[in-house]
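# Overview (structure and organization)
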Amino acid sequence: MNEGALHVHHASIDELQTAASTILAPLAVTAPDADAFRADIDAAVVGRAAVARIRGSGHRVARTSRAITSTDPELLKLTLHRSPGPAAADQGGRQSWAHGGDFVVFDMTRPYRLAVGDGCDVMAVGIARGELGPHADTVARQAARRLPADTGAQAVLSAFLLGLGRHLDELTGPAQAHVGDALVSLLLAAFTEDEPGRMDTATELVDRIRVYAIANITDPSLCVESVAAAHAISPRQLHRLFRRTGVPFATWLRGERLERVRRDLLDPAHDSRTTAAVAARWGIHDPRHLARALKSHYGQTARELRLTRSD
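The structure contained in this document is the topic of the report that follows. (Residues numbered from 1 in each chain as written. Predicted model: local features only at pLDDT ≥ 70, side-chain atom pairs only at ≥ 80, totals over all residues. Heavy atoms only, no water.)

### What to know about the packing of helix H3 (residues 152-166) against helix H4 (residues 174-191)
This is how the line gets drawn: Whenever a helix is involved, its axis is fitted only over the stretch in contact; in every case the axis is a line through C-alpha atoms, and angles between N-to-C directions fall within 0 to 180 degrees. Numbering of helices and strands runs from the N terminus; a helix is a DSSP stretch of H or I covering at least four residues, while a strand is a stretch of E covering at least two. Note that the term roughly parallel is reserved for angles under 35 degrees, roughly antiparallel for angles over 145, roughly perpendicular for angles of 65 to 115, and oblique for everything else. By definition, turning the near helix anticlockwise from the far helix through less than a right angle yields a left-handed crossing, and turning it clockwise yields a right-handed one. Whether two residues touch is decided by their heavy atoms; if any such pair falls within 4.5 Å, the residues are in contact. Gly counts as polar in this scheme, as do all residues outside two lists: the nonpolar Ala, Val, Leu, Ile, Met, Phe, Trp, Tyr, Cys and Pro, and the charged Asp, Glu, Lys and Arg.
Between H3 and H4, whose axes approach to 8 Å, the crossing angle comes to 150 degrees. When the axis of H3 is compared with that of H4, the two are roughly antiparallel. Classified by chirality, the crossing of H4 by H3 is left-handed. Contact residues: Ala153, Gln154, Val156, Leu157, Phe160, Leu161 and Leu164 in H3; Val179, Ala182, Leu183, Leu186, Leu187, Ala189, Ala190 and Phe191 in H4. Class assignment of the residues belonging to the contact of H3 with H4 gives a composition of 14 nonpolar, one polar and no charged.

In structure tokens form, the structure reads like this:
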């Protein structure tokens, strides 16, 4: 969708279908009484995600096989339900009833159905699978499963989304990127959190390690050895886990740090900071390494990045 916020009040069912399809991907939206249907839609792009809040009459949303094409973005959709009545979710042979305060995930590369009753109040987040990297499959495996949002990381994500829905118009410039990063991190924390009594699979352990590393990314001592110790595995095991992903842990961590350095160099709020100070903020303390890495990753030096932003 476009960068600007979208607000449609007293929308018809056709207007809701158009908005939902524009925000995410082609969807079929129907209502038991199309003539009487009305809804308020508020939506905006927030960093790497599209966020929308829909309030109004009951309706049904379907992502059909005929609507899915090879040119559609590969999205995961997260819904937070605040409606008084239950919502019926169905994807891949799994059905669930989501009540007020529950999350449901949908994989938009596959057909799904969602039905919500009158008094609908739903927050929806669409994010490209690629933005979640190896986490995407972990999240997608939970499609159509009801996840209560009353404890732990799920409760934090729920509160964050509700606050975000009230302030979509107020996020501009660099603030959007920062809030978007926080949203992605909270989503990962909520959907890769341990389930009591369940053993980690290799994929889930990699997900947990990545979430841990992002949470501690400002620590310059963060490394293979410290991360392995925090997860009660050996450095050799950690190397083996990340070898399966195709990207060594150190390479992945360096890329995450460089992206944050680049973002700060492009942010006018950090103009008073030297490049070394910006880099140190994200755990990089070798200026020569930083210069080479920025040129290799982005084709520009730190000075060129700042000049480009000013153009």
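Back to the write-up after that little detour.
### Some points on the pairing of strand E3 (residues 39-46)
Walk down a regular strand and you will see the side chains alternate between the two sheet faces. The condition is simple: Relative accessible area decides the class of each residue, using a 1.4 Å probe on protein chains only: under 20% of the type maximum gives buried, over 50% gives exposed, and in between gives partly exposed. For two strands to count as paired, DSSP must find a minimum of two bridges between them.
The element E3 is largely enclosed, with a buried count of seven among its eight residues. Here strand E1 (residues 6-11) runs beside E3; their pairing, made up of four bridges, is antiparallel. What sits directly across from His7, in E3, is Asp42.

### Comments concerning unusual backbone geometry
Of note in the backbone geometry, His10 takes a positive phi value of approximately 55 degrees without being a glycine. Checked against the element boundaries, His10 lands in strand E1. The exposure class of His10 is exposed, given its relative accessible area of 59%.

### So, the nonpolar core
For clarity, the threshold we go by: For our purposes a nonpolar core is just a set of buried Ala, Val, Leu, Ile, Met, Phe, Trp, Tyr and Cys residues, chained together by side-chain atoms within 4.5 Å.
Core analysis: the biggest nonpolar cluster contains 32 residues, and Leu78, Phe103, Leu132, Leu157, Leu161 and Phe191 have the highest contact counts within it. Contributing elements (two or more residues each) for this core: E3, strand E4 (49-56), strand E6 (75-81), strand E9 (102-107), strand E11 (120-128), helix H2 (135-140), H3 and H4. Top element by residues in this core is H4. It accounts for seven residues. Setting aside its immediate chain neighbours within four residues, Leu132 contacts Leu76, Ile127, Val139, Val184, Leu187 and Leu188.

### A closer look at the sheet that holds E11
One open sheet accounts for seven strands, arranged E1-E3-E4-E11-E6-E9-E12; its pairing is antiparallel. Edge positions in the sheet fall to E1 and strand E12 (147-148), since each of these pairs with one other strand and no more. As paired elements, E9 and E12 share two bridges and run antiparallel to each other. Counted as the bridge partner of Asp102 is Pro148 from E12. Strands E1, E3 and E4 of the sheet are contacted by helix H1 (residues 13-23), whose axis makes an angle of about 160 degrees with E1. Sitting on the sheet, H3 is in contact with E3, E4, E6, E9, E11 and E12, with an inclination near 90 degrees to E6.

### Topic: empty space enclosed by the protein
Where we set the bar: Any residue with an atom within 4 Å of a point lines the site, the site being either a cavity, points on a 1 Å grid over the protein atoms alone where a 1.4 Å probe fits but cannot get out, or a pocket, an open set with protein on both sides within 12 Å along at least 5 of 7 lines. Grid points are joined across faces, edges and corners, and a volume is the space filled by probe spheres set on the points.
Throughout the structure, instances matching the rule amount to two cavities of 30 Å³ or more. Only H1, E4, strand E5 (59-63), E6, strand E10 (112-116) and E11 provide two or more residues apiece to the lining of the largest cavity. The element contributing the most residues to the lining of the largest cavity is H1, with four residues. For the lining of the largest cavity, the class distribution of residues is 16 nonpolar, two polar and one charged. The computed volume of the second largest cavity comes to approximately 40 Å³. Forming the walls of the second largest cavity are Leu76, Lys77, Leu78, Val105, Ile127, Leu132, Val139 and Leu187.

### Notes on the pattern of salt bridges
Under the convention used in this document: What makes a salt bridge here is a side-chain nitrogen of Lys or Arg within 4 Å of a carboxyl oxygen of Asp or Glu, nothing more.
Tallied over the entire structure, the rule returns 15 salt bridges. Between Arg110 and Asp107 there is a salt bridge; the shortest N-O distance is 3.6 Å. For Arg129, the salt bridge goes to Asp137, with nearest N and O atoms at 2.5 Å. Owing to a relative accessible area of 15%, Arg129 belongs among the buried residues under this scheme. Under the relative-accessibility criterion, Asp137 is labelled partly exposed at 42%.

It is worth stressing that arrangement in space is one thing and function is another; only the former is reported here.
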